[in-house]
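Breakdown of the fold
Spelled out from the first residue to the last, the chains are:
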Amino acid sequence: MTALTLSTAAAPGLRADAIVIGVAKGANGPSVAPGAEAVDKAYDGRLAGVLETLGASGAEGEVTKLPAPSGFKAPVVVAVGLGAEPDKDAGFDPEALRRAAGAAARALAGAKKAAFALPLAEAADAGVVAEGVLLGAYSFDAYKESAKETKGAKAKANGKDPLAEAALLGGKPRDKAYKAAIERAAAVAEELNRARDLVNTPPNDLNPEAFAAVAQAAAKEHGIKVQVLDEKALTKGGYGGILGVGAGSASGPRLVKLSYTSPKAKKSLSFVGKGITYDSGGISLKPAGHNETMKCDMAGAAAVFAAVVAAARLGLEVNVTGWLALAENMPSGSATRPGDVLRMYSGKTVEVLNTDAEGRLVLADALWAASQDKPDAIIDVATLTGAMMLALGSRTYGIMANDDAFRAAVHEAAEESGEPAWPMPLPEHLRKGMDSPTADIANMGERMGGGLVAGLFLREFVGEGITWAHLDIAGPAFNEGGPFGYTPKGGTGTAVRTLVRVAERVALGDLG
Ligand code: BES
Ligand code: MN
Ligand code: ZN
């Protein structure tokens, strides 16, 4: 990952490949953002005019490169759009800063070192700029052999390495709050980028067993307790949902429990992740056009895994347990059929009407398992339904819950972390669509409101009296479009930051 430091250096004398500055959209054209005073001065105070002539407007995500003024060691200035100028006395929106830093870091792929002279009015601003840089400089090239052959072992997909080094100017490197903000950003971004790697890893290399091994290694490294239930243990324990989904695959399912405990914890949280390492749909096979990106169906488990490791690295004063419900959904002679009835870990029976509604089956067992510890709250994260994508689009995830205040608190944590999310209801009338003539419940209901139907199914497997929220991240988990801000193509790491923020707030006694 990119090395990031706070620097007291003045922009002109700094040895770097580029200096990044912010440009905002003012009432009368672009305006140079605070932090870039020295750069503007070297252009005789005419930088805003120069930028306007070059076509810059200050719009979010816009990147304009220009030669640095004479006297500067760095050869290039990169002006990145911050969007509308904030009101007088107000700072820049943290997410605008994060995105701008990310867009600049992406534009600087191939460069060795860049200095970021963006507005850092407070320690929190240094934190979001650091996050933006570290998340924007991500690339996944593990499988690009042709690039390696021509450019040497370290060469990257697009022929460019991600930005190697970033120095943030204008902060207070000796100030505790600034240092803490940078350290937090680095820990969260590093784990989030690891979650992206897991999502991007092809399903022939990341099966349930391989994912469990990655979790075991990380747990060992960070002092997290880990338990892995393999097929034998799942059978013995009666985890009919996870086993039923994994039944068609040559790679058996796993349930991984990661327990981070703090001696100072007063509260406990459990995170549950859907970890379908590949979703073919099973016997209810997905048609071509719908299965090419289904390696992303373990993004919920990847987010949970990353969040638990980040909580441990940050030493948060809250107990956090992560449950990874891992299975591969494949059709075969041993696969679960539409019409089969599964006996779940909770004891309930489920008639499987569609084997492509597999996420709720593995989650049901993991939610019930998580409930046995009686945590203060459970949050599950899942690429659960195409319906949620239809409802909220590809950048926003849906939040459902059995408690209005908790849903609002999770939504607030999402907003604070820069993750677009929106509250969704669990309408009672949709429950009867899942009535089964044979079993306690069917795994499918009405087509309309399919994301909410899935939420209602999950609710039945949460222990009595436990506060629970469900994040359906099917839309934003995997970016099929081009990169934007600090979001790359492919795995995005969605929900990691929300989960970490919830854990922080619970640790501080600010939530629940
Ligand atoms: N993994 C899919 C949901 C999904 C779709 C995630 C597109 C990301 C992108 C899930 O397992 C699924 O297949 N859901 C079905 C449920 C239906 C059969 C009730 C769906 O949404 O169509
Ligand atoms: Mn499916
Ligand atoms: Zn799925």
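Residues numbered from 1 in each chain as written. Chains lettered and ligands numbered in written order. Predicted model: local features only at pLDDT ≥ 70, side-chain atom pairs only at ≥ 80, totals over all residues. Heavy atoms only, no water.

**Re the site of ligand 1**
- Around ligand 1 sit 17 residues in total, of which Lys286, Asp297, Asp356, Glu358 and Gly386 are the nearest.
- Between ligand 1 and lysine 274 there is a distance of 3.2 Å, counted from an oxygen atom to a side-chain nitrogen or oxygen.
- Between ligand 1 and aspartate 297, the relevant distance is 2.8 Å, taken from a nitrogen atom to a side-chain nitrogen or oxygen of the residue.
- Isolated, ligand 1 exposes 520 Å² of accessible area, and the fraction of that covered by the protein chains is 78%.
- When atom positions are compared with the pocket grids, ligand 1 is found to occupy the largest pocket.
- Looking at the shell around ligand 1, the elements that each hand over two or more residues are strand 10 (268-279) and helix 12 (386-392).
- Taken together, the residues of the shell around ligand 1 sort by class into 6 nonpolar, 4 polar and 7 charged. (Near = heavy atom within 4 Å. Polar contact = N/O pair within 3.5 Å; in protein donor to acceptor, adjacent residues only side chain to side chain. Areas by Shrake-Rupley, 256 points an atom, 1.4 Å probe, with all protein chains shown as cover. 1 Å grid on protein atoms, 1.4 Å probe; cavity = no way out; pocket = protein on both sides within 12 Å on 5 of 7 lines; lining within 4 Å. Sits in = over half its atoms within 2 Å of the grid points. Helix = DSSP H or I, 4+ residues; strand = E, 2+ residues; numbered from the N terminus. Nonpolar A, V, L, I, M, F, W, Y, C, P; charged D, E, K, R; others polar.)

**Details of helix 6 (residues 176-200)**
- Taking 1.5 Å per residue, 25 residues should reach 36 Å; helix 6 reaches 36 Å between its end C-alpha atoms and fits that length.
- Of the residues flanking the start of helix 6, the one acting as N-cap is aspartate 175, its side-chain oxygen 2.8 Å from the backbone nitrogen of alanine 177. (Expected span 1.5 Å × (residues − 1).)

**Here's the deal with the sheet that holds strand 17 (residues 441-442)**
- Pairing is mixed in the open sheet, where 3 strands are placed in the order 12-13-17. Only two strands of the sheet have a single neighbouring strand rather than two, namely strand 12 (341-343) and strand 17.
- Across 3 bridges, strand 12 lies against strand 13 (residues 349-351) in antiparallel orientation. Each residue of the ladder has a partner; that of leucine 342, found in strand 13, is valine 350. (Pairing = 2+ DSSP bridges.)

**Quick notes on the coordination of the zinc ion (ligand 3)**
- The coordination sphere of the zinc ion (ligand 3), as far as protein atoms go, consists of Lys274 (NZ), Asp279 (OD), Asp297 (OD) and Glu358 (OE), spread over 2.0 to 2.4 Å.
- Around the zinc ion (ligand 3), the 6 donor atoms are arranged such that angles at the metal cover 78 to 174°; this shape is classified as octahedral.
- Mapped onto the sequence, the donors of the zinc ion (ligand 3) take the spacing K-x4-D-x17-D-x60-E.
- The two metals, the zinc ion (ligand 3) and the manganese ion (ligand 2), are separated by 3.1 Å and share aspartate 279 as a common coordinating residue. With a gap of 23 residues between them, lysine 274 in strand 10 and aspartate 297 in the loop between strand 10 and helix 10 (299-314) connect regions that are remote in the sequence. Of the two residues, lysine 274 and aspartate 297, both sit in the buried class. (Donors = N, O, S within 2.8 Å, 3.2 Å for Na, K, Ca; no water. Tetrahedral: all angles 85-135°; square planar, octahedral: opposite > 155°, others 65-115°. Buried < 20%, exposed > 50% of the residue type's maximum accessible area, 1.4 Å probe, protein only.)

**Remarks on the packing of helix 3 (residues 94-107) against helix 4 (residues 123-136)**
- Packing of helix 3 against helix 4 leaves a shortest axis separation of 7 Å and a crossing angle of 35°. Note on packing geometry: the crossing formed by helix 3 with helix 4 is right-handed. In contact with Pro94, Leu97, Arg98, Ala101, Gly102, Ala105 and Arg106 of helix 3, helix 4 contributes Asp125, Val128, Val129, Glu131, Gly132, Val133 and Gly136.
- When grouped by side-chain class, the residues that make up the contact of helix 3 with helix 4 number 7 nonpolar, 3 polar and 4 charged. (Axes fitted to C-alpha atoms, helices over the stretch in contact; angles between N-to-C directions. Left-handed = near helix turned anticlockwise from the far one by under 90°. Contact = heavy atoms within 4.5 Å.)

**Notes on the packing of aromatic side chains**
- Taken as a whole and judged by the stated rule, the model has 4 aromatic pairs.
- A centroid spacing of 6.3 Å and a plane angle of 70° characterise the contact between phenylalanine 211 and phenylalanine 305, whose relative ring orientation is edge-to-face. A residue pair is termed long-range when its members are at least 10 positions apart, and phenylalanine 211 in helix 7 (residues 208-221) and phenylalanine 305 in helix 10 qualify at 94 residues.
- Ring centres of phenylalanine 457 and phenylalanine 461 lie 5.1 Å apart, and the angle between their planes is 35°; this geometry places the pair in the tilted category. For the pair phenylalanine 457 and phenylalanine 461, one class covers both residues: buried.
- Directly above the aromatic system of tyrosine 138 lies the positively charged group of arginine 196, at a separation of 5.2 Å from the ring centroid.
- One cation-aromatic arrangement involves arginine 395 over phenylalanine 484; the distance from NZ or CZ to the ring centre is 3.4 Å. (Phe/Tyr/Trp six-rings, centres within 6.5 Å; stacked < 30°, edge-to-face > 60°. Lys NZ or Arg CZ within 6 Å of the ring centre and 35° of its normal.)

**Remarks on unusual backbone geometry**
- Backbone geometry places aspartate 44, a non-glycine residue, at a positive phi of 60°.
- Structurally, aspartate 44 is set in the loop between helix 1 (37-42) and helix 2 (47-53).
- Unlike most non-glycine residues, aspartate 89 shows phi in positive territory, near 75°.
- When you line up the elements, aspartate 89 lands in the loop between strand 5 (76-84) and helix 3.

**A word on the domain arrangement of the protein chain**
- Taken domain by domain, the protein chain holds domain 1 (3-170) and domain 2 (190-507).
- Relative placement of domain 1 and domain 2: their C-alpha centres are 36 Å apart.
- Facing 14 residues of domain 1, the contacting portion of domain 2 comprises 17 residues.
- Summed over both sides, the interface of domain 1 with domain 2 buries roughly 1400 Å², with 59% coming from carbon and sulfur.
- Applying the counting criterion to the domain 1 and domain 2 interface returns 1 salt bridge.
- In this structure, glutamate 131 and arginine 497 form a salt bridge, with 3.7 Å as the shortest nitrogen-oxygen distance.
- Where domain 1 meets domain 2, there are 8 residue pairs in polar contact (both at pLDDT 80 or more). (Domains from an automatic or database assignment. Buried area = accessible area lost by both parts, 1.4 Å probe. Salt bridge = Lys/Arg side-chain N within 4 Å of Asp/Glu carboxyl O.)

**A short note on the environment of glutamine 372**
- Note that glutamine 372 resides in the loop between helix 11 (359-371) and strand 14 (377-382).
- With a relative accessible area of 43%, glutamine 372 lands in the partly exposed category.
- A C-alpha to C-alpha distance of 28 Å links glutamine 372 and histidine 429, two positions 57 residues apart in sequence.

**Let's talk about the nonpolar core**
- One finds Phe116, Phe211, Leu324, Ile379 and Leu471 to be the most contacted residues of the largest nonpolar core, which totals 101 residues.
- Of the residues that make up this core, three or more belong to each of domain 1 (3-170) and domain 2 (190-507).
- Aside from chain neighbours lying at most four places away, what touches leucine 471 is Ile379, Asp380, Val381, Ala382, Tyr397, Gly398, Ile399, Val410, Ala495 and Leu499.
- Core analysis: the second largest hydrophobic core is formed by 43 residues, Leu234, Leu255, Leu361 and Leu426 among them. (Core = buried A, V, L, I, M, F, W, Y, C linked by side-chain atoms within 4.5 Å.)

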